[in-house]
Amino acid sequence: MPQPSTIPGAPRAGWWCRHWRWAMPLSVLAALLVVAALLWLGLSQWSRWSRSSEPYQEAMRRARCSIELVAVLGEPIQDGFLPTGSMQRSAGGGGSSDFVVSLSGPRGTAELYLEAHREKGRWDYPLLYVITGQDEAIDLTALDDAEAAGVCALQDCREQGHCPLPGGRWGS
C-alpha cells in the first residue's frame, strides 16, 4: 500500500527547507557576481576618470610626439586599460597627480611614469619619463611646460622630411 506524501495534520516544510540544495549555491553565485560587477564598475570608472585628466592627456600627447619613443615602440602607441596611481585636487587650483601607465606599440611595450603638480591653475611636470622593454629611459620632461604643450617634435620632424610617416613611409 502506498504511503501518503505528507502526514495529515503535520506542518508542511518551508520553501528553504525544500529547495536549499540548489538555492544556496545560486545565492552565493549571485552575490559573487554582484561583487564582481561592482568591482568592474569601479575600475572602469577610475580608468575613464584618470584617462580624461589633463596630466594624463598631456603625458600621452608627449609620448606619442616623442621621436625616440616612436622609434622604439612603433606607431600607434596605445595606453593600457588601467593606469595606476593617484590624483588629488585642492582648493585654490592646486593639486597633484602620479600615474604609471602601460604603453604598447607594434614593436614593444613600455611603462610611462608621470608626476605632476598644479599651482594657480597651471600644471608642472617635474617627472615624466618612459622605461622601455629594453630598460632604456626616455625623458619626456620639458624646460618650459607651457611651451611644450603646443609642440609635437615628431610632427615637426615629419614636416621637414627627417622622420618616417606612420607605416614607415618617408615624406616626399
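These lines cover the structure that appears in this document, whether it is placed above or below. Quick caveat: nothing in here was measured; it's all calculated off a predicted structure.

Rules used in this analysis
- Residues numbered from 1 in each chain as written.
- Predicted model: local features only at pLDDT ≥ 70, side-chain atom pairs only at ≥ 80, totals over all residues.
- Heavy atoms only, no water.
- Pairing = 2+ DSSP bridges.
- Helix = DSSP H or I, 4+ residues; strand = E, 2+ residues; numbered from the N terminus.
- Patch = residues over 30% accessible without salt bridge, like charges linked within 9 Å, V, L, I, M, F, W, Y side chains within 5 Å.
- Areas by Shrake-Rupley, 256 points an atom, 1.4 Å probe, with all protein chains shown as cover.
- Salt bridge = Lys/Arg side-chain N within 4 Å of Asp/Glu carboxyl O.
- Buried < 20%, exposed > 50% of the residue type's maximum accessible area, 1.4 Å probe, protein only.
- Expected span 1.5 Å × (residues − 1).
- Core = buried A, V, L, I, M, F, W, Y, C linked by side-chain atoms within 4.5 Å.
- Contact = heavy atoms within 4.5 Å.

Thoughts on the pairing of strand E2 (residues 84-90)
- Across 7 bridges, the pairing between E2 and strand E3 (residues 94-105) is antiparallel. Residue pairing across strands places Gly85 opposite Phe99, the latter belonging to E3.
- Here E2 folds back onto E3, and the loop between the two strands holds 3 residues, one of which, Gly92, carries a positive phi near 85°.

Points about a nonpolar patch on the surface
- A cluster of nonpolar side chains, contributed by Trp15, Trp16, Trp20, Trp22, Met24, Leu26, Val28, Leu29, Leu32 and Leu33, occupies part of the molecular surface with about 1100 Å² of accessible area.
- Within the fold, Met24 resides in helix H1 (residues 15-51).
- Of the residues examined, Met24 reaches a relative accessible area of 39% and is grouped as partly exposed.

Re helix H2 (residues 54-65)
- With 12 residues, H2 should reach 16 Å at 1.5 Å per residue; the first-to-last C-alpha distance of 16 Å fits that figure.
- Along H2, the positions that sit buried rather than exposed are Pro55, Tyr56, Glu58, Ala59, Met60, Arg62, Ala63 and Cys65.

Focus: the nonpolar core
- Ranked by size, the top nonpolar core spans 26 residues in total, and within it Leu69, Leu103, Leu112, Leu114 and Val130 carry the most contacts.
- Elements with a minimum of two residues in this core: H2, helix H3 (67-73), E3, strand E4 (108-119), strand E5 (122-132) and helix H5 (153-159).
- Look past the residues within four positions of Leu69 in its chain and what remains in contact with it is Ala63, Gly74, Ile77, Leu103, Val130, Thr132 and Ile138.

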